[in-house]
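If you want the building blocks of each chain, they are given just below.
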Amino acid sequence: MVPEERKTVGMLTGSKQELFERDHPVIRQLREIPELIFPDEMEKLPPSALSLKQLFTRKQMDENHVDCLILYRIAAGALHILEELSRRGICPGLIEIGDFYAELLPGSVQVYLTHPEKFQLLHYEQDYEWYPEDERLFGELELFDKDAQRRADVRLLYKILVASAKGNVKMPPKYTEADYSELFYKALPDEWKELFQERPDCDYATMKEMLRQCIAMEESFARAARERLDEKAQKKLEEEEWLSAENGGQEERQGKKTLFSMIVLLRTELEDSRIMSRMLYQLQDELETETSLSQWEWRQAFVFGNGNIAVKEFATYEPGFRCQCEQEIKDYSAGEALIIAANLMGEAMRGHQAGSPHRGRHEKGGAVPEQQEHIFRMYALADGRLKNDRVFQAALSMLNDCQRQGMEFYLLTGEDSRCEACQKLDQLMQEGTYADPSHS
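Residues numbered from 1 in each chain as written. Predicted model: local features only at pLDDT ≥ 70, side-chain atom pairs only at ≥ 80, totals over all residues. Heavy atoms only, no water.

Draft legend 1. Seen up close, the pairing of strand 5 (residues 258–265). When you tally the buried positions in strand 5, you get eight out of eight residues, the bulk of the element. The alternating pattern of strand 5 places Thr-258, Phe-260, Met-262 and Val-264 on one face and Leu-259, Ser-261, Ile-263 and Leu-265 on the opposite face, and all of these are buried. Both strand 5 and strand 6 (residues 297–304) contribute to a ladder of eight bridges, which runs parallel. Bridge assignment links Ile-263 to a residue of strand 6, and that residue is Phe-302. In terms of strand pairing, strand 5 meets strand 7 (residues 374–382) through eight bridges, oriented parallel. Across the sheet, Ser-261 pairs through a bridge with Arg-377, a residue of strand 7. (Buried < 20%, exposed > 50% of the residue type's maximum accessible area, 1.4 Å probe, protein only. Helix = DSSP H or I, 4+ residues; strand = E, 2+ residues; numbered from the N terminus. Pairing = 2+ DSSP bridges.)

This is the structure in structure tokens:
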């Protein structure tokens, strides 16, 4: 015998507050969803949970190191709640991004939805404050039915996946200094972009599977990076143990070393912005591991060669800090970015009156310089075509001067970087620094 289809009961009469107080059948169905937090149950919300509107501000994004994987996990948690509402035949209408809360746990995310009393419940008409983009999609609706609700849920997931703290986010979003919406939009797989543009009523099962694939892909990237770091950490530990034994237990170094790492992000030609971001995050992971094992102080500086060069002085950041790679890349000379970086590096080297340890590299006379107190490194990251103009040639000369004063230079490129300027930088690295395969 086929069971009778479960349907919700109409709201009948009474204010929304009275219906909640009377524990109407629809309200009882809402209370069956454990991730829904009612006004009288706010103590169930973990103190560490943040509303998505607050989490998606630039300050919180930086402090919590929010990346694509975290956004995918938040979207999956939100989709689970939306799917549970749909399974019970409940159409809540438009849900504000600030009503979702996320608790960022090690390796996972827990999502909650608060204030369900704001929902459009069956025949209870909701008075919406429309944003222009939402009004374009839903402005003629007085009540949300099943199909309209799916479109609203797709729109909500879009706001989560691009980390939009604003209700009026366009598609595709325009980059501003206040958020990272365009960055995360560019990082989305094409299937998601097509869905947001052409299939606003996609079913929940399809979206759930797409999120599962995205999470699996990002987790594989994280595992591969962690394995490389673990191998490098073990190798470094073995080297230090061997050196300690060779020196009879004496300290290898006298005094506290400081690593000054200058990271220059040059312009990109590629559509997939994740290439540059992944290179940057992996580099910072490796440097953090190296400085931690070697017990060095670590100071970083960044130069963004994207038409609006942002220069930061060398500074010490909290453990786990990862620079967010600015993505509005313009047709701009890489040479000027390298010149600014070389000037800043030169000032730091002169200010500390020390060179780098030049491990494994011999000077022309054959002698190996003694290890100095500070280490100076410059990393140039590029994944596209760079301008080989006069400014770039002048930058090469300045980088050469910095190398002679003790700076180590490295070039990190994407697989498709075959331009003449990249080749010259690679030659500079091969001829001017010691050959350490972990940084090449």
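Next comes the rest of the write-up.
Draft legend 2. Molecular detail of unusual backbone geometry. Of note in the backbone geometry, His-115 takes a positive phi value of approximately 60° without being a glycine. The topology assignment puts His-115 in the loop between strand 4 (108–114) and helix 6 (132–138). We classify His-115 as partly exposed; its relative accessible area is 24%. Positive phi, close to 60°, is recorded for Gln-295, a residue that is not glycine. You can see Gln-295 is positioned in the loop between helix 11 (274–294) and strand 6. A relative accessible area of 58% means that Gln-295 is categorised as exposed.

Draft legend 3. Fine view of the confidence of the model for the protein. Overall, the prediction assigns the protein a mean pLDDT of 76, with 71% of residues at 70 or greater. Mean pLDDT across the elements of the protein ranges from a minimum in helix 1 (residues 16–21), with 68, to a maximum in helix 5 (residues 68–87), with 91. This stretch, residues 1–12, has a pLDDT under 50; its non-local contacts, to residues over four places away or in other chains, come to 20 contacts. Confidence drops under pLDDT 50 across residues 433–440; counting only partners more than four residues distant or on other chains, this segment forms 24 contacts. (pLDDT = per-residue confidence, 0-100. Contact = heavy atoms within 4.5 Å.)

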